[in-house]
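The residues making up each chain are set out below.
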Amino acid sequence: MNKLQAMEVFIQVVDCGSFTKAADALQLPKATVSTLVQSLETALSAKLLHRTTRQVTVTSDGAAYYERCVRILSDVRDAEESLSRHRLSPSGRLRVDAPTGLSSEILLPALPAFFERYPDITMELGSSDRPVDLVEEGVDCAVRGGELYDTSLIARRVGVVNFVTCASPAYIERYGMPEHPRDLERHRCVNYFSAKTGKIYNWDFTRHGERIELALPGVIALNDSNAYIEAGLSGLGIIFMADYLLTEHLATGRVVRLLADWRSDPLPIHVVYPQNRHLSAKVRVFVEWVSELFASNPHLRLQPADSSLAQPPLPPDAFRLGQSV
(Lines give C-alpha, C1' and ligand atoms only; values in the text may rest on other atoms or scores of the structure.)
Protein backbone atom coordinates (compact mmCIF):
# COMPACT_ATOMS: atom_id res chain seq x y z
CA MET A 1 0.00 0.00 0.00
CA ASN A 2 1.20 3.48 -0.89
CA LYS A 3 0.58 5.16 2.47
CA LEU A 4 0.61 8.74 1.13
CA GLN A 5 -1.80 7.88 -1.67
CA ALA A 6 -4.07 6.12 0.81
CA MET A 7 -4.04 9.22 3.04
CA GLU A 8 -4.94 11.44 0.09
CA VAL A 9 -7.78 9.11 -0.88
CA PHE A 10 -9.05 9.03 2.72
CA ILE A 11 -9.06 12.85 2.87
CA GLN A 12 -11.03 13.04 -0.36
CA VAL A 13 -13.61 10.52 0.88
CA VAL A 14 -14.11 12.52 4.08
CA ASP A 15 -14.36 15.81 2.14
CA CYS A 16 -16.87 14.39 -0.34
CA GLY A 17 -18.79 12.18 2.10
CA SER A 18 -18.90 9.52 -0.60
CA PHE A 19 -16.61 6.89 -2.12
CA THR A 20 -18.15 7.46 -5.54
CA LYS A 21 -17.66 11.23 -5.48
CA ALA A 22 -14.11 10.83 -4.16
CA ALA A 23 -13.31 8.38 -6.95
CA ASP A 24 -14.68 10.82 -9.55
CA ALA A 25 -12.69 13.71 -8.09
CA LEU A 26 -9.47 11.69 -8.03
CA GLN A 27 -10.17 9.96 -11.35
CA LEU A 28 -9.69 6.54 -9.77
CA PRO A 29 -11.89 3.44 -9.85
CA LYS A 30 -14.28 3.28 -6.93
CA ALA A 31 -12.92 -0.17 -6.03
CA THR A 32 -9.40 1.27 -5.71
CA VAL A 33 -10.61 4.04 -3.41
CA SER A 34 -12.47 1.56 -1.21
CA THR A 35 -9.49 -0.84 -1.07
CA LEU A 36 -7.04 1.89 -0.08
CA VAL A 37 -9.25 3.10 2.78
CA GLN A 38 -9.78 -0.47 3.99
CA SER A 39 -6.01 -1.05 3.88
CA LEU A 40 -5.50 2.05 6.03
CA GLU A 41 -8.02 0.78 8.58
CA THR A 42 -6.34 -2.62 8.66
CA ALA A 43 -2.88 -1.12 9.08
CA LEU A 44 -4.10 1.19 11.86
CA SER A 45 -6.36 -1.40 13.51
CA ALA A 46 -8.98 1.33 13.72
CA LYS A 47 -12.33 2.09 12.09
CA LEU A 48 -12.01 5.42 10.27
CA LEU A 49 -15.42 5.68 8.58
CA HIS A 50 -19.04 4.81 9.24
CA ARG A 51 -20.52 3.42 6.02
CA THR A 52 -24.22 3.23 5.17
CA THR A 53 -26.03 2.83 1.88
CA ARG A 54 -26.78 6.57 1.88
CA GLN A 55 -23.66 8.27 3.22
CA VAL A 56 -20.18 7.97 4.63
CA THR A 57 -19.29 9.75 7.88
CA VAL A 58 -16.05 9.93 9.81
CA THR A 59 -15.56 8.21 13.19
CA SER A 60 -13.91 9.96 16.13
CA ASP A 61 -10.65 8.11 15.37
CA GLY A 62 -11.09 8.97 11.70
CA ALA A 63 -11.57 12.66 12.45
CA ALA A 64 -8.32 12.79 14.44
CA TYR A 65 -6.47 10.86 11.73
CA TYR A 66 -7.94 13.13 9.05
CA GLU A 67 -6.44 16.23 10.68
CA ARG A 68 -3.03 14.54 10.89
CA CYS A 69 -3.24 13.44 7.24
CA VAL A 70 -4.03 16.98 6.09
CA ARG A 71 -0.97 18.34 7.90
CA ILE A 72 1.30 15.52 6.72
CA LEU A 73 0.37 15.88 3.06
CA SER A 74 0.69 19.65 3.29
CA ASP A 75 4.24 19.25 4.64
CA VAL A 76 5.09 16.73 1.92
CA ARG A 77 3.91 19.08 -0.83
CA ASP A 78 5.85 21.96 0.69
CA ALA A 79 8.99 19.82 0.75
CA GLU A 80 8.53 18.69 -2.84
CA GLU A 81 7.88 22.17 -4.15
CA SER A 82 10.85 23.65 -2.33
CA LEU A 83 13.15 21.14 -4.06
CA SER A 84 11.55 21.03 -7.48
CA ARG A 85 10.74 23.26 -10.38
CA HIS A 86 7.03 23.36 -9.47
CA ARG A 87 7.31 26.67 -7.67
CA LEU A 88 8.56 28.31 -10.88
CA SER A 89 6.64 26.10 -13.28
CA PRO A 90 3.49 24.67 -11.64
CA SER A 91 1.96 21.63 -13.30
CA GLY A 92 -1.09 19.41 -13.14
CA ARG A 93 -4.85 19.60 -13.57
CA LEU A 94 -6.61 22.66 -12.16
CA ARG A 95 -10.39 22.59 -11.66
CA VAL A 96 -11.96 26.06 -11.63
CA ASP A 97 -15.56 27.27 -11.54
CA ALA A 98 -16.75 30.75 -12.54
CA PRO A 99 -20.02 32.51 -13.45
CA THR A 100 -21.07 32.28 -17.09
CA GLY A 101 -20.48 35.94 -17.95
CA LEU A 102 -17.07 36.14 -16.30
CA SER A 103 -15.97 32.96 -18.04
CA SER A 104 -17.02 33.96 -21.54
CA GLU A 105 -16.17 37.66 -21.44
CA ILE A 106 -13.15 37.87 -19.13
CA LEU A 107 -11.44 34.55 -18.37
CA LEU A 108 -11.59 32.67 -21.68
CA PRO A 109 -10.21 35.51 -23.89
CA ALA A 110 -7.27 35.89 -21.48
CA LEU A 111 -6.48 32.20 -20.91
CA PRO A 112 -4.03 31.89 -23.85
CA ALA A 113 -1.71 34.24 -21.95
CA PHE A 114 -2.15 32.15 -18.79
CA PHE A 115 -1.21 28.92 -20.57
CA GLU A 116 1.73 30.61 -22.25
CA ARG A 117 2.99 31.59 -18.81
CA TYR A 118 2.20 28.19 -17.24
CA PRO A 119 2.37 25.61 -20.04
CA ASP A 120 2.36 22.60 -17.69
CA ILE A 121 -1.07 23.37 -16.21
CA THR A 122 -4.24 21.90 -17.70
CA MET A 123 -7.61 23.33 -16.71
CA GLU A 124 -11.19 22.21 -16.32
CA LEU A 125 -13.33 25.36 -16.27
CA GLY A 126 -16.92 24.99 -15.15
CA SER A 127 -19.11 27.89 -16.30
CA SER A 128 -22.55 28.42 -14.80
CA ASP A 129 -24.38 30.81 -12.53
CA ARG A 130 -25.11 27.93 -10.15
CA PRO A 131 -23.02 28.07 -6.96
CA VAL A 132 -21.02 24.85 -6.72
CA ASP A 133 -19.92 22.96 -3.61
CA LEU A 134 -16.15 23.07 -4.02
CA VAL A 135 -15.41 20.13 -1.72
CA GLU A 136 -18.21 17.87 -2.87
CA GLU A 137 -17.55 18.53 -6.57
CA GLY A 138 -13.76 18.42 -6.33
CA VAL A 139 -13.20 22.01 -7.48
CA ASP A 140 -9.82 23.55 -6.60
CA CYS A 141 -11.00 27.17 -6.60
CA ALA A 142 -13.87 29.32 -7.83
CA VAL A 143 -14.49 32.92 -8.88
CA ARG A 144 -17.61 34.18 -7.15
CA GLY A 145 -19.58 37.40 -7.06
CA GLY A 146 -21.33 38.74 -3.98
CA GLU A 147 -20.75 38.67 -0.26
CA LEU A 148 -19.57 35.31 1.04
CA TYR A 149 -20.97 33.59 4.11
CA ASP A 150 -19.48 30.09 3.82
CA THR A 151 -16.90 30.00 6.63
CA SER A 152 -15.46 26.72 5.31
CA LEU A 153 -13.84 28.70 2.47
CA ILE A 154 -10.86 30.99 2.25
CA ALA A 155 -11.25 34.02 -0.01
CA ARG A 156 -9.31 36.76 -1.72
CA ARG A 157 -11.19 39.80 -2.99
CA VAL A 158 -9.97 40.60 -6.50
CA GLY A 159 -12.44 43.13 -7.91
CA VAL A 160 -15.93 44.55 -8.06
CA VAL A 161 -18.80 44.50 -10.54
CA ASN A 162 -20.88 47.59 -11.21
CA PHE A 163 -24.40 47.45 -12.59
CA VAL A 164 -26.29 49.48 -15.19
CA THR A 165 -29.96 49.69 -16.09
CA CYS A 166 -30.66 49.30 -19.82
CA ALA A 167 -33.32 48.63 -22.41
CA SER A 168 -33.41 48.09 -26.15
CA PRO A 169 -34.35 50.99 -28.47
CA ALA A 170 -37.44 49.02 -29.50
CA TYR A 171 -38.60 48.80 -25.88
CA ILE A 172 -37.98 52.50 -25.27
CA GLU A 173 -39.88 53.44 -28.42
CA ARG A 174 -42.86 51.42 -27.28
CA TYR A 175 -42.90 52.07 -23.52
CA GLY A 176 -40.82 55.21 -23.01
CA MET A 177 -37.89 55.90 -20.68
CA PRO A 178 -38.16 55.90 -16.88
CA GLU A 179 -37.02 59.17 -15.30
CA HIS A 180 -36.81 57.89 -11.74
CA PRO A 181 -36.26 54.40 -10.22
CA ARG A 182 -39.84 54.42 -8.93
CA ASP A 183 -41.01 54.63 -12.55
CA LEU A 184 -39.74 51.05 -13.00
CA GLU A 185 -42.76 49.83 -11.04
CA ARG A 186 -44.88 50.84 -14.02
CA HIS A 187 -42.54 49.35 -16.64
CA ARG A 188 -41.87 45.83 -17.89
CA CYS A 189 -38.72 44.58 -16.15
CA VAL A 190 -36.64 41.42 -16.46
CA ASN A 191 -35.73 39.92 -13.09
CA TYR A 192 -32.84 37.68 -12.07
CA PHE A 193 -33.26 34.91 -9.50
CA SER A 194 -30.81 32.88 -7.47
CA ALA A 195 -30.06 29.43 -8.90
CA LYS A 196 -29.50 28.24 -5.31
CA THR A 197 -32.47 29.68 -3.42
CA GLY A 198 -34.87 30.74 -6.17
CA LYS A 199 -35.08 34.22 -4.60
CA ILE A 200 -35.53 37.13 -7.02
CA TYR A 201 -32.90 39.81 -6.50
CA ASN A 202 -33.97 43.37 -5.71
CA TRP A 203 -32.85 46.38 -7.77
CA ASP A 204 -31.06 49.16 -5.87
CA PHE A 205 -30.26 52.78 -6.73
CA THR A 206 -28.36 55.55 -4.94
CA ARG A 207 -28.05 59.27 -5.74
CA HIS A 208 -26.92 62.16 -3.53
CA GLY A 209 -27.38 60.13 -0.36
CA GLU A 210 -30.82 58.82 -1.34
CA ARG A 211 -31.07 55.04 -1.61
CA ILE A 212 -33.97 53.13 -3.14
CA GLU A 213 -34.34 49.34 -3.18
CA LEU A 214 -37.12 47.84 -5.26
CA ALA A 215 -38.70 44.40 -5.50
CA LEU A 216 -40.13 44.55 -9.01
CA PRO A 217 -42.81 42.10 -10.22
CA GLY A 218 -41.15 41.70 -13.62
CA VAL A 219 -42.41 40.21 -16.86
CA ILE A 220 -39.96 37.29 -16.73
CA ALA A 221 -37.25 36.03 -14.35
CA LEU A 222 -34.07 34.22 -15.41
CA ASN A 223 -31.02 32.72 -13.69
CA ASP A 224 -28.44 32.76 -16.49
CA SER A 225 -26.59 35.95 -17.40
CA ASN A 226 -26.39 35.21 -21.13
CA ALA A 227 -30.13 34.50 -21.33
CA TYR A 228 -30.81 37.58 -19.21
CA ILE A 229 -28.93 39.86 -21.62
CA GLU A 230 -30.69 38.29 -24.60
CA ALA A 231 -34.03 39.08 -22.97
CA GLY A 232 -33.04 42.75 -22.84
CA LEU A 233 -31.72 42.79 -26.40
CA SER A 234 -34.93 41.24 -27.70
CA GLY A 235 -37.05 43.96 -26.09
CA LEU A 236 -38.68 41.82 -23.41
CA GLY A 237 -38.10 44.53 -20.84
CA ILE A 238 -35.66 46.65 -18.84
CA ILE A 239 -32.61 44.81 -17.51
CA PHE A 240 -30.26 45.43 -14.59
CA MET A 241 -26.91 43.82 -15.37
CA ALA A 242 -23.13 44.01 -14.85
CA ASP A 243 -21.70 46.82 -16.97
CA TYR A 244 -18.75 44.78 -18.32
CA LEU A 245 -21.23 42.41 -20.00
CA LEU A 246 -23.03 45.26 -21.76
CA THR A 247 -20.08 47.39 -22.95
CA GLU A 248 -20.26 46.28 -26.58
CA HIS A 249 -24.06 46.42 -26.71
CA LEU A 250 -24.06 49.95 -25.29
CA ALA A 251 -21.38 51.05 -27.77
CA THR A 252 -23.32 49.70 -30.75
CA GLY A 253 -26.67 51.05 -29.54
CA ARG A 254 -28.31 47.65 -29.16
CA VAL A 255 -29.24 48.77 -25.63
CA VAL A 256 -29.54 52.26 -24.14
CA ARG A 257 -28.49 53.13 -20.61
CA LEU A 258 -31.29 54.35 -18.34
CA LEU A 259 -31.21 56.29 -15.06
CA ALA A 260 -27.58 57.20 -15.74
CA ASP A 261 -27.36 59.59 -12.79
CA TRP A 262 -28.18 56.80 -10.31
CA ARG A 263 -25.54 54.38 -8.99
CA SER A 264 -26.12 50.80 -7.81
CA ASP A 265 -24.28 48.91 -5.10
CA PRO A 266 -21.09 47.32 -6.48
CA LEU A 267 -20.81 43.54 -6.17
CA PRO A 268 -17.52 42.23 -4.73
CA ILE A 269 -15.70 39.44 -6.59
CA HIS A 270 -13.63 36.84 -4.78
CA VAL A 271 -11.52 33.84 -5.62
CA VAL A 272 -12.27 31.13 -3.04
CA TYR A 273 -10.94 27.70 -2.15
CA PRO A 274 -11.49 25.20 0.70
CA GLN A 275 -9.59 26.04 3.86
CA ASN A 276 -8.72 22.41 4.62
CA ARG A 277 -6.71 22.06 1.43
CA HIS A 278 -3.11 22.97 0.88
CA LEU A 279 -2.79 25.96 -1.43
CA SER A 280 -0.86 24.30 -4.24
CA ALA A 281 1.41 26.21 -6.58
CA LYS A 282 -1.07 25.86 -9.47
CA VAL A 283 -3.90 27.36 -7.38
CA ARG A 284 -1.63 30.10 -6.08
CA VAL A 285 -0.52 31.24 -9.56
CA PHE A 286 -4.12 31.13 -10.85
CA VAL A 287 -5.32 33.33 -8.00
CA GLU A 288 -2.51 35.82 -8.62
CA TRP A 289 -3.23 35.77 -12.36
CA VAL A 290 -6.94 36.46 -11.84
CA SER A 291 -6.06 39.32 -9.51
CA GLU A 292 -3.79 40.84 -12.18
CA LEU A 293 -6.45 40.31 -14.85
CA PHE A 294 -9.11 42.14 -12.87
CA ALA A 295 -6.72 44.94 -11.93
CA SER A 296 -6.12 45.59 -15.63
CA ASN A 297 -9.85 45.82 -16.44
CA PRO A 298 -11.39 49.28 -15.83
CA HIS A 299 -14.84 47.72 -15.30
CA LEU A 300 -13.72 45.21 -12.69
CA ARG A 301 -10.72 46.65 -10.85
CA LEU A 302 -10.95 47.84 -7.28
CA GLN A 303 -11.21 51.63 -7.42
CA PRO A 304 -9.48 54.08 -5.04
CA ALA A 305 -12.70 54.26 -3.04
CA ASP A 306 -12.35 50.51 -2.53
CA SER A 307 -8.72 50.69 -1.44
CA SER A 308 -9.59 49.23 1.94
CA LEU A 309 -10.82 46.15 0.11
CA ALA A 310 -7.65 45.54 -1.87
CA GLN A 311 -5.60 42.50 -1.00
CA PRO A 312 -1.82 42.09 -0.74
CA PRO A 313 -0.11 39.20 -2.55
CA LEU A 314 -1.55 35.86 -1.46
CA PRO A 315 0.24 34.42 1.61
CA PRO A 316 0.43 30.65 2.16
CA ASP A 317 -2.88 30.45 4.04
CA ALA A 318 -4.63 33.42 2.38
CA PHE A 319 -7.52 34.91 4.35
CA ARG A 320 -10.45 33.37 6.12
CA LEU A 321 -13.86 34.70 5.22
CA GLY A 322 -14.82 37.56 7.50
CA GLN A 323 -11.22 38.76 7.56
CA SER A 324 -10.79 39.26 3.83
CA VAL A 325 -13.94 41.26 3.10
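As the structure is a computational prediction, the values presented were derived from the model and not from experiment.

Caption draft 1: Highlighting the overall build of the protein chain. The number of helices and strands found in the protein chain is 9 helices and 14 strands. Expressed as a percentage of its 325 residues, the buried residues of the protein chain come to 45%. Intrachain contacts of the protein chain at a sequence separation of at least 6 include 76% that bridge at least 24 residues. Here the protein chain has roughly 16500 Å² of accessible surface; of this, 51% comes from carbon and sulfur atoms.

Caption draft 2: View of the packing of helix α5 (residues 100-117) against helix α9 (residues 281-295). At a minimum axis distance of 11 Å, the contact between α5 and α9 shows a crossing angle of 120 degrees. Between α5 and α9, the interaxial angle falls into the category oblique. Between α5 and α9 the crossing geometry is right-handed. When α5 is examined against α9, the residues Leu102, Ile106, Leu107, Ala110, Leu111, Phe114 and Arg117 are found in contact with a partner set consisting of Val285, Phe286, Trp289, Val290, Glu292, Leu293 and Phe294. A class-by-class count of the residues in the contact of α5 with α9 yields 12 nonpolar, no polar and 2 charged.

Caption draft 3: View of the sheet that holds strand β4 (residues 121-127). With mixed pairing, the 5 strands of this open sheet are ordered in space as β4-β3-β5-β14-β6. Looking along the sheet, the strands with just one partner apiece sit at the ends: β4 and β6 (153-161). Pairwise comparison of adjacent strand axes, ignoring direction, gives a mean angle of 20 degrees for this sheet. In this sheet, strand β14 (residues 267-274) lies alongside strand β5 (residues 141-145) in antiparallel orientation, the contact comprising 4 bridges. Residue pairing across strands places Val143 opposite Val271, the latter belonging to β14. Against the sheet, α5 touches β3 (92-98), β4, β5 and β14, its axis set at about 170 degrees to β4.

Caption draft 4: Summary view of the nonpolar core. Core analysis: the largest hydrophobic core is formed by 60 residues, its most contacted members being Leu184, Trp203, Tyr228, Phe286, Trp289 and Phe294. Grouped together as the second largest cluster of nonpolar side chains are 21 residues, Met7, Phe10, Leu49 and Val56 included.

Caption draft 5: A look at the side chain of His249. Looking at the element boundaries, His249 is found in helix α8 (residues 247-252). In contact with His249, other than residues within four places in its own chain, are Ile229, Leu233, Arg254 and Val255.

Caption draft 6: Expanded view of the packing of aromatic side chains. Counted under the stated rule, the structure contains 12 aromatic pairs. Relative to Tyr118, the ring of Phe114 has its centre 5.2 Å away and its plane inclined at 55 degrees; by these criteria the two rings are tilted. An identical accessibility class is assigned to Phe114 and Tyr118; each is buried. An aromatic cluster is defined as three or more aromatic residues linked by ring pairs; in this entry it consists of Phe114, Phe115, Tyr118, Phe286 and Trp289.

Caption draft 7: Looking closely at the pairing of β14. Where burial is concerned, most of β14 is hidden: 7 out of the 8 residues are buried. Two elements, β6 and β14, share 8 bridges in a ladder whose sense is antiparallel. Paired with Arg157 across the two strands is His270, which belongs to β14.

Caption draft 8: Representation of the environment of Phe286 within the structure. Its place among the elements puts Phe286 in helix α9. Accessibility expressed as a relative area gives 1% for Phe286, which makes it buried. The spatial distance from the C-alpha of Phe286 to the C-alpha of Phe114 is 8.2 Å, given a sequence separation of 172 residues. Not counting residues within four places of it along the chain, the set of residues in contact with Phe286 comprises Leu94, Val96, Phe114, Met123 and Cys141.

Caption draft 9: Spatial organisation of helix α1 (residues 3-16). Given a rise of 1.5 Å per residue, 14 residues ought to cover 20 Å, and the 20 Å separating the end C-alpha atoms of α1 matches this to within 8%. At the N-terminal end of α1, a side-chain oxygen is found 3.2 Å from the backbone nitrogen of Leu4, two or three residues along, and the residue is Asn2. Immediately downstream of α1, the backbone of Gly17 shows phi near 70 degrees, a positive value.

Caption draft 10: Quick peek at a nonpolar patch on the surface. On the surface, Val219, Ile220 and Leu236 cluster together to form a nonpolar patch covering roughly 200 Å² of accessible area. With respect to the secondary-structure elements, Ile220 resides in strand β11 (residues 220-222).

Caption draft 11: Spotlight on the environment of Arg77. Mapping Arg77 onto the fold places it in helix α4 (residues 60-82). For Arg77, a relative accessible area of 27% puts it in the partly exposed group. Note: C-alpha distance between Arg77 and Ala281 (204 residues apart in sequence) is 9.5 Å.

Caption draft 12: Here's a closer look at the environment of Asp129. By the secondary structure assignment, Asp129 is in the loop between β4 and β5. With 66 residues separating them in the primary sequence, Asp129 and Ala195 have C-alpha atoms 6.9 Å apart. Those residues in contact with Asp129, other than ones at most four positions away along the chain, are Pro99, Thr100, Tyr192, Ala195, Asn223, Asp224 and Ser225.

Caption draft 13: A look at the sheet that holds strand β13 (residues 256-258). One open sheet accounts for 3 strands, arranged β12-β7-β13; its pairing is antiparallel. The two strands at the open ends of the sheet, each matched to only one other strand, are β12 (239-242) and β13. This sheet shows a mean twist of 50 degrees between the axes of neighbouring strands, independent of strand direction. Of the pairings in the sheet, the one linking strand β7 (residues 163-167) to β12 comprises 4 bridges and is antiparallel in character. Looking across to β12, one finds that Thr165 is bridged to Phe240.

Conventions and cut-offs
- Residues numbered from 1 in each chain as written.
- Predicted model: local features only at pLDDT ≥ 70, side-chain atom pairs only at ≥ 80, totals over all residues.
- Heavy atoms only, no water.
- Helix = DSSP H or I, 4+ residues; strand = E, 2+ residues; numbered from the N terminus.
- Buried < 20%, exposed > 50% of the residue type's maximum accessible area, 1.4 Å probe, protein only.
- Contact = heavy atoms within 4.5 Å.
- Areas by Shrake-Rupley, 256 points an atom, 1.4 Å probe, with all protein chains shown as cover.
- Axes fitted to C-alpha atoms, helices over the stretch in contact; angles between N-to-C directions.
- Parallel < 35°, antiparallel > 145°, perpendicular 65-115°, else oblique.
- Left-handed = near helix turned anticlockwise from the far one by under 90°.
- Nonpolar A, V, L, I, M, F, W, Y, C, P; charged D, E, K, R; others polar.
- Pairing = 2+ DSSP bridges.
- Core = buried A, V, L, I, M, F, W, Y, C linked by side-chain atoms within 4.5 Å.
- Phe/Tyr/Trp six-rings, centres within 6.5 Å; stacked < 30°, edge-to-face > 60°.
- Expected span 1.5 Å × (residues − 1).
- Polar contact = N/O pair within 3.5 Å; in protein donor to acceptor, adjacent residues only side chain to side chain.
- Patch = residues over 30% accessible without salt bridge, like charges linked within 9 Å, V, L, I, M, F, W, Y side chains within 5 Å.
- Salt bridge = Lys/Arg side-chain N within 4 Å of Asp/Glu carboxyl O.

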